[in-house]
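This is what each chain is made of:
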Amino acid sequence: MEEKKAGKPHQIVWKDRHRGSVTGVLDVLSFDEAMILLETELGMLTLKGKELHISRLSLDQGEVDMEGTIDSMVYSGSSPAKRGNLLKRMFQ
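Residues numbered from 1 in each chain as written. Predicted model: local features only at pLDDT ≥ 70, side-chain atom pairs only at ≥ 80, totals over all residues. Heavy atoms only, no water.

### Structural notes on the environment of Ala34
Argument step 1. Here Ala34 lies in the loop between strand E3 (25-31) and strand E4 (35-40).
Argument step 2. Placed 14 residues apart in sequence, Ala34 and Lys48 show a C-alpha to C-alpha distance of 5.7 Å.
Argument step 3. Excluding anything up to four places from it in sequence, Ala34 contacts Leu47, Lys48, Gly49 and Leu52. (Helix = DSSP H or I, 4+ residues; strand = E, 2+ residues; numbered from the N terminus. Contact = heavy atoms within 4.5 Å.)

Structure below.
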């Protein structure tokens, strides 16, 4: 019997463009002081800014806390939860 995992709720909370958190994070793909790239329940999320730092990371909980000045947040791609298994999609 196959057990389905419930998706983690996705939420962005940002305070004064200098401190914030993201939930529903599946993975941190890359980060430096100018950009953080996250894989979330709703697709790829790119945060661009200055002096960006990850202050807390818990992939088990799907949470990331960050600091720095945010200039933009952009989603791209589709939700990994909606894409599903490649073989399953090919033979449906």
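From this point, things continue past the structure.
### Observations concerning the sheet that holds strand E5 (residues 43-58)
Argument step 1. Read from one edge to the other, the open sheet built from six strands follows the order E1-E2-E6-E5-E4-E3, with strand pairing classed as antiparallel. Each having just a single partner strand, strand E1 (11-15) and E3 make up the two edges of the open sheet. When strand polarity is set aside, the average angle formed by the axes of neighbouring strands in this sheet is 35°.
Argument step 2. Bridge count for strand E2 (residues 19-23) against strand E6 (residues 63-76) is five bridges, and the pairing is antiparallel. By the bridge assignment, Val22 is partnered in E6 with Val64. (Pairing = 2+ DSSP bridges. Axes fitted to C-alpha atoms, helices over the stretch in contact; angles between N-to-C directions.)

### Examining the pattern of salt bridges
Argument step 1. Using the criterion set out here, one finds five salt bridges in the structure.
Argument step 2. Where Asp71 meets Lys50, a salt bridge forms, and the shortest distance between an N and an O atom there is 3.2 Å. Taken together, the positions of Asp71 in strand E6 and Lys50 in strand E5 put the pair 21 residues apart, joining distant regions of the chain.
Argument step 3. With a closest N to O distance of 2.9 Å, Asp65 and Arg56 form a salt bridge. (Salt bridge = Lys/Arg side-chain N within 4 Å of Asp/Glu carboxyl O.)

### A few points about the side chain of Thr46
Argument step 1. Inspection of the secondary structure assignment puts Thr46 in strand E5.
Argument step 2. Residue Thr46 is classed as buried on the basis of its relative accessible area of 14%.
Argument step 3. The residues touching Thr46, leaving out its near neighbours within four places in the chain, are Met35, Ile36, Leu37, Ser72, Met73 and Val74. (Buried < 20%, exposed > 50% of the residue type's maximum accessible area, 1.4 Å probe, protein only.)

### Regarding the pairing of E3
Argument step 1. Across five bridges, the pairing between E3 and E4 is antiparallel. Counterpart to Val25 in the pairing with E4 is Thr40.
Argument step 2. Taken together, E3 and the strand that follows it, E4, pair antiparallel across an intervening segment of three residues.

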